[in-house]
Amino acid sequence: MVRHVILWKLNEQLSEEEKQNVKAGIKSGLESLVGKVPGLLDVKVHIDGRLASSNADVMLDSLLESAEALKAYSTHPEHVAVANGKVRPYTVQRTCLDFEVE
């Protein structure tokens, strides 16, 4: 199995209200992909409880069946639609960590 973790920094030009709406959209969009994208086993998007010591605004923590499933997920039309519609227009920085788990 593969754990796929992403951290995003939101655009600072967004108001606090806009940031809350964007975070909620990212969460609902990405979490809805379970059952739609083959090999995607679990998705949790963390948007609340951020401490002042943080330098990211949103965290994706997902579990996939394999490295091949991760590759297919990255180009799956449902994932691309969420990424292009709910994530990329509002983020200015992305950090990714992918690793194998047992």
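Residues numbered from 1 in each chain as written. Predicted model: local features only at pLDDT ≥ 70, side-chain atom pairs only at ≥ 80, totals over all residues. Heavy atoms only, no water.

Q: Any chance you could break down the overall build of the chain for me, citing the residues and the numbers?
A: Secondary structure assignment for the chain yields three helices and four strands. Starting at the N terminus and ending at the C terminus, the chain contains elements arranged as β-α-β-β-α-α-β. Computed over the C-alpha atoms, the radius of gyration of the chain is 13 Å, within 12% of the 13 Å expected from 2.2 N^0.38 for a compact globule of 102 residues. In terms of overall dimensions, the chain has C-alpha extents of about 40 × 30 × 20 Å along its principal axes. Per-residue burial over the chain gives 38% buried out of 102 residues. Contacts in the chain between residues far apart in sequence, at least 24 positions, make up 68% of those at least 6 positions apart. (Helix = DSSP H or I, 4+ residues; strand = E, 2+ residues; numbered from the N terminus. Rg over C-alpha atoms; globule rule 2.2 N^0.38 Å. Buried < 20%, exposed > 50% of the residue type's maximum accessible area, 1.4 Å probe, protein only. Contact = heavy atoms within 4.5 Å.)

Q: Run through the packing of helix H2 (residues 67-75) against helix H3 (residues 77-87), naming residues and quoting values.
A: Put simply, H2 and H3 touch, their axes get as near as 5 Å, and they point 55° apart. It follows that H2 is oblique to H3 by the angle criterion. In contact with Tyr73, Ser74 and Thr75 of H2, H3 contributes Pro77, His79 and Val80. Class assignment of the residues belonging to the contact of H2 with H3 gives a composition of three nonpolar, three polar and no charged. (Axes fitted to C-alpha atoms, helices over the stretch in contact; angles between N-to-C directions. Parallel < 35°, antiparallel > 145°, perpendicular 65-115°, else oblique. Nonpolar A, V, L, I, M, F, W, Y, C, P; charged D, E, K, R; others polar.)

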